[in-house]
Amino acid sequence: MQLEKYSIGHGDRFGNQGVAQLDAILAARAQGIDVVPVWNKSFREHSIVGSSPAMVRQEADAAVAARGYQGSYYVDADHINLSNVEAFLAVSDFFTIDVAEAIGAPVEETAKTEFLRRFSAYEGPLQVPGIERPFAISPELLSRIADKYLAAVQQAAAVYRHICTERGEDRFIAEVSVDETDEPQSPVELFFILGALAEAGVRPQTIAPRFTGRFNKGVNYVGDVATFTREFREDIAVLAYAHREFGLPANLKLSVHSGSDKFAIYEPIHRALKDSGAGLHLKTAGTTWLEEIIGLAEADGEGLSLAKEIYATAYEQADALCAPYAAVIDIDRAKLPAPQAVQAWTAEQYVAALRHDLGCDAYNPNLRQLLHVGYKVAASMGERFTDALVACRQTVSQNVTENLLVRHIQPLLAGL
Ligand SMILES: [Zn+2]
């Protein structure tokens, strides 16, 4: 199985928007943007929403059948490890092996010695084609990289081998993710992580590093765009070089997690892809759920009432909802409107506050982030929520499709 050059991972918390998401892909393809869909959902999301991996497979297959889509598509077991991969094995064909928690964990001395022996040939100035200045590789640097990442690599290899045994090596796409950590990986660290993965027999087609800057949930990129751009371009060069040096898959590409709504870096990413010819996987999750609320609000009446109720409950439960996501949100509580104020809003006011339109004065990133992490509120509403989605289907699906197509795929992959 070989992942195409451009792919979009779209999560769908409640599993109702498969067709609307596929419609964005189909519209993009009709415009000449060669992108394939990946339905991703993590163990964590399944636990919170009460869904199962098999439901994602059903959703994807049903959407594809409904639209008669003939191209490739995938179902991603997102952020899995050995403790929770079992339920995904039969139904997923894309596995995001998350080893961030093993960063810095100890390894056996012999493994470190072997790593240092294998990569000592790179000591001295290392010139990577496409990167202006050479990296200075010292024995100390290699030792530090081993201390930091070797345990993560070993863990990735263990999960990878398990999936190979259960599914067969050619019957899945492997991604390795190290993004859920505080410290970004430098391009040179990425190079040796890839080398060590290759040594351990792992053949990733995508890798998700932790990039410079903040990738908060559902809102714009926060950080130095010039620094991000340099790092992103160097990462691309490193991947191409790692493919040649270590025999990794030729289609190895970067995966950008929490990638939705990072409008500030889409143009630099687009230009870097154009200049290098590299591919990209962009992973989004909660942005579709936010479009569901926008669609409910826009439908007015019952839909708007439900959207207000979701906000009021999320506001009340803010501490509990935000806690698991503390590292990936920045909410200024003082700027959250009081639920009583929101209660008086028109549909237009609600939509304007929530929709990610940077040109709109009423857009409120604090409210948006709170609702982003507030999907548990809708999950606890059960059928009241899913019935409302059905009742407001037209505005909901229109917003889901347009968001993916116009605000994500087009600027990122076509520079529009
Ligand atoms: Zn991630």
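Since this is a predicted model, take the numbers as computed values, not measurements.

Caption draft 1: Highlighting the overall build of the protein chain. Of the regular secondary structure elements, the protein chain holds 17 helices and 10 strands. Relative to the 2.2 N^0.38 estimate, which gives 22 Å for 416 residues, the radius of gyration of the protein chain is 21 Å and therefore close to what a compact globule would have. Summarising the internal contacts of the protein chain: among those between residues at least 6 apart in sequence, 78% fall at separations of at least 24.

Caption draft 2: Spotlight on the packing of helix H1 (residues 18-30) against helix H3 (residues 53-67). Where H1 contacts H3, the two axes come as close as 9 Å, and the packing angle between them is 55°. The angle between H1 and H3 falls in the class oblique. Crossing handedness for the pair H1 and H3: right-handed. The segment H1 lies against H3, with Gly18, Val19, Leu22 and Leu26 engaging Glu59, Ala60, Ala62, Ala63, Val64, Ala66 and Arg67. Along the lines of polarity and charge, the residues of the contact of H1 with H3 split into 8 nonpolar, 1 polar and 2 charged.

Caption draft 3: Fine view of the packing of helix H7 (residues 225-246) against helix H8 (residues 263-276). In the contact formed by H7 and H8, the axes pass within 10 Å of each other and the chain directions differ by 30°. Between H7 and H8, the angle falls in the class roughly parallel. Regarding H7 and H8, the two cross each other, and that crossing is right-handed. Residues Val225, Phe228, Thr229, Phe232, Arg233 and Ile236 of H7 form the contact with H8, whose own contacting residues are Ala264, Ile265, Pro268, Ile269, Ala272 and Ser276. Across the contact of H7 with H8, the residue classes tally to 9 nonpolar, 2 polar and 1 charged.

Caption draft 4: Broad picture of the nonpolar core. Judged by nonpolar contacts, the single largest core of 113 residues is most densely connected at Ala156 and Leu296. Each of domain 1 (6-287 + 406-414) and domain 2 (288-403) gives at least three residues to this core. Setting aside its immediate chain neighbours within four residues, Ala156 contacts Ile97, Val99, Val176, Leu197 and Val202.

Caption draft 5: Spotlight on the domain arrangement of the protein chain. When cut into domains, the protein chain gives domain 1 (6-287 + 406-414) and domain 2 (288-403). If you average the C-alpha positions of domain 1 and of domain 2, the two centres end up 29 Å apart. Facing 28 residues of domain 1, the contacting portion of domain 2 comprises 26 residues. Listed by contribution, the elements that provide at least two residues to the side of domain 1 that touches domain 2 are strand S1 (6-11), H1, helix H2 (43-49), helix H9 (286-298) and helix H17 (393-414). When residues in the side of domain 1 that touches domain 2 are grouped by element, the largest group, 4 residues, is from H1. A breakdown of the residues in the side of domain 1 that touches domain 2 according to their chemical character gives 9 nonpolar, 13 polar and 6 charged.

Caption draft 6: Quick look at helix H13 (residues 347-354). Among the residues making up H13, those that are buried are Tyr350, Val351, Ala353 and Leu354. Taken end-on, H13 shows its buried residues confined to a sector of 165°, consistent with a single buried face.

Caption draft 7: Structural view of the sheet that holds S1. Sheet architecture is closed into a barrel: 8 strands sit in the order S1-S2-S3-S4-S7-S8-S9-S10, paired in parallel fashion. When strand polarity is set aside, the average angle formed by the axes of neighbouring strands in this sheet is 25°.

Caption draft 8: Region of interest: the environment of Leu354. By secondary structure assignment, the location of Leu354 is in helix H13. Linking Leu354 and Asn364, residues 10 residues apart in sequence, is a C-alpha distance of 6.3 Å. When residues no more than four places from it in sequence are discounted, the contact partners of Leu354 are Leu290, Ile293, Ile294, Leu367, Arg368 and Leu371.

Caption draft 9: Seen up close, the pairing of strand S2 (residues 35-42). The buried fraction of S2 is high, at 6 of 8 residues. Bridge analysis of S1 against S2 gives 6 bridges, and the strand direction is parallel. Bridge pairing in S2 places Gly11 opposite Asn40. The parallel pair S1 and S2, bridged by H1, forms a crossover whose chirality is right-handed. Here S2 runs beside strand S3 (residues 74-80); their pairing, made up of 5 bridges, is parallel. Looking across to S3, one finds that Lys41 is bridged to Ala77.

Caption draft 10: Structural view of helix H6 (residues 187-199). Its 13 residues give H6 an end-to-end C-alpha distance of 18 Å, which sits within 8% of 18 Å, the value for a rise of 1.5 Å per residue. Where burial is concerned, most of H6 is hidden: 10 out of the 13 residues are buried. Among the residues of H6, those classed as buried are Pro187, Leu190, Phe191, Phe192, Ile193, Leu194, Gly195, Ala196, Leu197 and Ala198. Where H6 is buried, its residues touch helix H4 (109-119), helix H5 (139-167), strand S7 (173-177), strand S8 (206-208) and H7.

The rules we used
Residues numbered from 1 in each chain as written. Predicted model: local features only at pLDDT ≥ 70, side-chain atom pairs only at ≥ 80, totals over all residues. Helix = DSSP H or I, 4+ residues; strand = E, 2+ residues; numbered from the N terminus. Rg over C-alpha atoms; globule rule 2.2 N^0.38 Å. Contact = placed C-beta atoms within 7 Å. Axes fitted to C-alpha atoms, helices over the stretch in contact; angles between N-to-C directions. Parallel < 35°, antiparallel > 145°, perpendicular 65-115°, else oblique. Left-handed = near helix turned anticlockwise from the far one by under 90°. Nonpolar A, V, L, I, M, F, W, Y, C, P; charged D, E, K, R; others polar. Core = buried A, V, L, I, M, F, W, Y, C linked by C-beta atoms within 7 Å. Buried ≥ 20, exposed ≤ 12 C-beta atoms within 10 Å, placed from the backbone. Domains from an automatic or database assignment. Arc of directions from axis to C-beta. Pairing = 2+ DSSP bridges. Right-handed = clockwise from strand over helix to strand, strands pointing away. Expected span 1.5 Å × (residues − 1).

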